[in-house]
Amino acid sequence: YLLCLNKRMKHVLDSSLKLSVLVIEDNLGDFVLIEDYLLDKFAHIDIVHQSNYDNAIKYLQTEETKPSIILLDLNLAEIRGGELVNGILKHDFQVPIIILTGYSDLTMAENSLQLGISDYLVKDEIDPVLLHKSIVFALSRSNYTRQIETNNKKLKDIAWTQSHVVRAALARMLGIINMIQESNVSEEQLKFFLEQLKVSATEMDDIVRDIVKETETLDFNK
């Protein structure tokens with residue numbers, strides 16, 4: 001897991017793709033500081049600032065392109081703490097979230113990791129390097145998780161094919177063999193049954209080839 005994650009972190013670091021960050025922060029001074037840190041460490045970045053929860057949710061719901069990551073102040077004026085975390089997570093925007101908090105809310109920040117938050121940073125301890133590492137790790141872990149979900153779906157599809165399509169072809173073959181064994185068939189009938197066996201065997205061979213191709217598309221290493 002760590003090896004795969006390290007490879008993905010390197011990909012994020014080396015990527016020339018533009019990073020988009022939504023900062024939900026109602027303290028303008030804190031936002032300006034975070035903005036400076038982001039600009040210091042990321043060459044290609046688009047920073048969007050929302051100062052309250054409702055506007056941030058509306059932005060995430062209406063924009064066609066979601067941000068790469070969300071930096072979320074744990075204590076907004078109108079909503080805070082667990083209510084804030086649960087509120088934004090219930091929308092399931094499929095965007096990694098890093099919480100920005102103070103020392104007084106460390107317990108809540110730590111508990112939020114179990115709810116699905118990617119990471120948390122204490123505001124008084126944040127510097128450009130720490131913020132950069134946290135973002136890169138969160139993005140890498142999010143990409144890795146999405147790949148696992150994709151692989152799991154493909155594996156379920158492969159399992160369905162094995163349990164239904166392969167068995168159907170095999171059942172036909174066994175049925176033909178059973179008819180040959182239990183009946184007095186003429187030479188002409190035997191020729192017909194063998195042709196049907198060949199058709200079913202060819203069908204099964206194609207199915208197995210398709211399964212192998214699907215398996216080869218699974219990504220466990222990147």
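That block above? That's the structure.
Below is a short write-up of the structure.

What counts and how
- Residues numbered from 1 in each chain as written.
- Predicted model: local features only at pLDDT ≥ 70, side-chain atom pairs only at ≥ 80, totals over all residues.
- Heavy atoms only, no water.
- Helix = DSSP H or I, 4+ residues; strand = E, 2+ residues; numbered from the N terminus.
- Contact = heavy atoms within 4.5 Å.
- Axes fitted to C-alpha atoms, helices over the stretch in contact; angles between N-to-C directions.
- Parallel < 35°, antiparallel > 145°, perpendicular 65-115°, else oblique.
- Left-handed = near helix turned anticlockwise from the far one by under 90°.
- Nonpolar A, V, L, I, M, F, W, Y, C, P; charged D, E, K, R; others polar.
- Buried < 20%, exposed > 50% of the residue type's maximum accessible area, 1.4 Å probe, protein only.
- Right-handed = clockwise from strand over helix to strand, strands pointing away.
- Pairing = 2+ DSSP bridges.
- Arc of directions from axis to C-beta.
- Core = buried A, V, L, I, M, F, W, Y, C linked by side-chain atoms within 4.5 Å.
- Salt bridge = Lys/Arg side-chain N within 4 Å of Asp/Glu carboxyl O.

Considerations on the overall build of the protein
Okay, step 1: Secondary structure summary: the protein contains seven helices and five strands in total.
Okay, step 2: N-terminal to C-terminal, the α/β element order of the protein is α-β-α-β-α-β-α-β-α-β-α-α.
Okay, step 3: Within the protein, counting contacts between residues at least 6 apart in sequence, those at least 24 apart form 70% of the total.

Here we look at unusual backbone geometry
Okay, step 1: Even without glycine at this site, Asp92 takes up a positive phi of about 50 degrees.
Okay, step 2: Its location among the elements puts Asp92 in the loop between α4 (81-89) and β4 (97-101).
Okay, step 3: Of note in the backbone geometry, Gln94 takes a positive phi value of approximately 60 degrees without being a glycine.
Okay, step 4: If you trace the backbone, Gln94 turns up in the loop between α4 and β4.

Overview of the packing of α4 against helix α5 (residues 106-115)
Okay, step 1: Where α4 meets α5, the axes come as close as 10 Å, and the angle between the chain directions of the two elements is 25 degrees. When the interaxial angle is binned, α4 and α5 end up roughly parallel. Of the two possible hands of crossing, α4 and α5 adopt the one that is right-handed. Residue-level inspection shows Gly81, Gly82, Val85, Asn86 and Leu89 of α4 in contact with α5, the latter providing Met108, Ser112 and Leu115.
Okay, step 2: Looking at the contact of α4 with α5 residue by residue, the class counts come to four nonpolar, four polar and no charged.

Observations regarding the pairing of β4
Okay, step 1: Burial analysis of β4 places five of its five residues in the buried class, the great majority of the element.
Okay, step 2: Residues Ile97, Ile99 and Thr101 point to one face of β4 and Ile98 and Leu100 to the other, with burial holding for every one of them.
Okay, step 3: Taken together, strand β3 (residues 69-73), α4 and β4 form a β-α-β motif whose crossover is right-handed.
Okay, step 4: As paired strands, β4 and strand β5 (residues 119-122) are joined by four bridges and run parallel to one another. Along β5, the bridge assignment pairs Ile99 with Tyr120.

Section: α4
Okay, step 1: Burial in α4 covers these residues: Gly81, Leu84, Val85, Gly87 and Ile88. The buried residues of α4 occupy one face: seen down the axis, they fall within an arc of 165 degrees.

A closer look at the side chain of Ser112
Okay, step 1: Relative to the assigned elements, Ser112 resides in helix α5.
Okay, step 2: The residues contacting Ser112, other than those within four sequence positions of it, are Val85, Ile99 and Ile117.

Points about the nonpolar core
Okay, step 1: Counting residues in each nonpolar core, the largest one holds 23 residues, and the members touching the most others are Leu22, Ile24, Tyr53, Ile70, Leu72 and Ile88.
Okay, step 2: Those elements giving two or more residues to this core turn out to be β1 (19-24), α3 (53-62), β3, α4 and β4.
Okay, step 3: Top element by residues in this core is α3. It accounts for five residues.
Okay, step 4: When neighbours within four sequence positions are excluded, Leu22 is seen to be in contact with Val48, Gln50, Tyr59, Leu60, Pro67, Ile69, Ile70 and Leu71.

Describing the pattern of salt bridges
Okay, step 1: Summed over the entire model, instances satisfying the criterion amount to four salt bridges.
Okay, step 2: The partner of Glu25 in a salt bridge is Lys123, with the nearest N and O atoms 2.9 Å apart. Residue Glu25 is located in the loop between β1 and α2 (28-41), and its partner Lys123 is located in the loop between β5 and α6 (128-182); the two are separated by 98 residues in the primary sequence.
Okay, step 3: Accessibility expressed as a relative area gives 24% for Lys123, which makes it partly exposed.

Considerations on the sheet that holds strand β2 (residues 45-50)
Think of a sheet as strands paired side by side through backbone hydrogen bonds, with each pair either parallel or antiparallel.
Okay, step 1: Reading across from one edge, β2-β1-β3-β4-β5 is the order of the five strands in this open sheet, with parallel pairing throughout. The open sheet has two free edges, formed respectively by β2 and β5, since each of these has just one partner strand. For this sheet, the mean angle separating the axes of adjacent strands, direction not counted, is 20 degrees.
Okay, step 2: Of the strands in this sheet, β1, β3 and β4 touch α4, which is tilted by about 155 degrees from β3.
Okay, step 3: Sheet strands touched by α5: β4 and β5. Its angle to β5, the strand with the most contacts, is close to 160 degrees.

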